[in-house]
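Next come the chains, spelled out residue by residue.
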Amino acid sequence: MENLVSSAIVSSFNAKLIDNLQVDVAIVGGGPSALVAAKYLADVGVKTAIFERKLAPGGGTWGGGMLFNEAVVQRDALEILDDFGIGTQEIATAPGFYTLDTVEMASGLIFGALKSGAKIFNAMSVEDVVFKNDEIGGLVVNWTPVERLGMHVDPLVVIAKRVLDGTGHPSEIINLATKKAQIKLDTPTGGILGEKPMFAISGEASTVENTREYFPNLFACGMSANNVMGGYRMGPIFGGMLLSGRKAARLIQESLQR
Ligand code: 48F
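Conventions we followed
Residues numbered from 1 in each chain as written. Predicted model: local features only at pLDDT ≥ 70, side-chain atom pairs only at ≥ 80, totals over all residues. Heavy atoms only, no water. Near = heavy atom within 4 Å. Polar contact = N/O pair within 3.5 Å; in protein donor to acceptor, adjacent residues only side chain to side chain. Areas by Shrake-Rupley, 256 points an atom, 1.4 Å probe, with all protein chains shown as cover. 1 Å grid on protein atoms, 1.4 Å probe; cavity = no way out; pocket = protein on both sides within 12 Å on 5 of 7 lines; lining within 4 Å. Sits in = over half its atoms within 2 Å of the grid points. Points joined across faces, edges and corners; volume = space filled by probe spheres on them. Helix = DSSP H or I, 4+ residues; strand = E, 2+ residues; numbered from the N terminus. Nonpolar A, V, L, I, M, F, W, Y, C, P; charged D, E, K, R; others polar. Salt bridge = Lys/Arg side-chain N within 4 Å of Asp/Glu carboxyl O. Buried < 20%, exposed > 50% of the residue type's maximum accessible area, 1.4 Å probe, protein only.

**Regarding the site of the ligand**
So, step 1. Taken together, 27 residues sit near the ligand, with Ser33, Glu52, Gly60, Met223 and Gly235 positioned nearest.
So, step 2. At 3.1 Å, a side-chain N or O of histidine 169 approaches an oxygen atom of the ligand.
So, step 3. A distance of 2.8 Å separates an oxygen atom of the ligand from a polar backbone atom of methionine 223.
So, step 4. For the ligand, the accessible surface in isolation is 730 Å², of which the surrounding protein chains cover 92%.
So, step 5. Under a 2 Å grid-point criterion requiring more than half of the atoms, the pocket assigned to the ligand is the largest pocket.

Shown next, in the form of structure tokens:
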């Protein structure tokens, strides 16, 4: 029995990893915007894999606002939550705004992305991009414990037609691509403008506006997009994140069809 369990896990994981060493879309980070993008891409048959540094995907959703595990969304985002089967409750004093349980949101987004056919590799950190012929062509990944312990272990490579930076506030992938590959981004300065302070309404709108391709094959969603284009932060209101993920999926799908 012991041998059966161990060998089944190893061979099943190996098959999953080998199958995802070459994908249509590699997404870095498993926060809310990335999970929504993954679901909608997988729904239309785009081969999609998420690489998430932490053991539990979900990014900043779990903790709600200051560990009160509730968040707020606006009406525009309800149809996305419906697609995932996540429930909400309208705020009596603020029509058009809804609260939701963030544990249900995080687990629902993860489950929905997986059930649509996206794959999630947790405890894997993306430490570099593949950069060939002046184009982004994939990711360089390693186990998070290897990264955390500073072990001198070479990574593996995932080839991807498109890369989506869903790493949240630090825009880790776009950041390292500008430094290591010295790419010029499609921004006013050619670099990362940097996130601005709290201004919820503006941040919500700009998160969606700023979701786009910043360099051939390299897209950003969620707070990463806002950081790249200098948008404001918004705190525990999540409609913009969900709408950003859906927009990222649409833009990437269109770009794959070109
Ligand atoms: O930050 P995060 O939740 O992404 P998001 O979709 O959502 C932002 C909101 O949670 C919140 C907010 C809304 O008001 O402002 O902050 O923009 O999740 C980002 C995920 O990316 C992972 C990280 O562990 C987190 O789960 N991540 C970051 N860098 C890497 C990474 C990396 N290099 N490799 C793998 N995963």
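**Focus: the layout of surface pockets**
So, step 1. Of the voids in this model, the largest pocket is the one considered here, and its volume is about 630 Å³.
So, step 2. Along the walls of the largest pocket sit 33 residues, with Gly59, Gly60, Thr167, Gly168 and His169 positioned nearest its centre.
So, step 3. Put simply, the parts of the chain that give the lining of the largest pocket at least two residues each are helix H2 (32-43), strand E2 (48-52), strand E7 (124-132), helix H6 (172-180) and helix H8 (222-229).
So, step 4. Among the residues forming the lining of the largest pocket, the class breakdown is 14 nonpolar, 13 polar and six charged.

**Quick word on the pattern of salt bridges**
So, step 1. Counted by the stated rule, this structure contains 11 salt bridges.
So, step 2. Glutamate 172 is paired through a salt bridge with arginine 53; the nearest N and O atoms lie 2.8 Å apart. Of this pair, glutamate 172 sits in helix H6 while arginine 53 sits in the loop between E2 and strand E3 (70-74); the two residues are 119 residues apart in sequence, bridging distant segments of the chain.
So, step 3. For glutamate 172, a relative accessible area of 26% corresponds to the partly exposed category.
So, step 4. Classification of arginine 53 by relative accessible area gives partly exposed; the value is 27%.
So, step 5. Residues joined in a network through salt bridges with shared partners are Arg53, Glu147 and Glu172.

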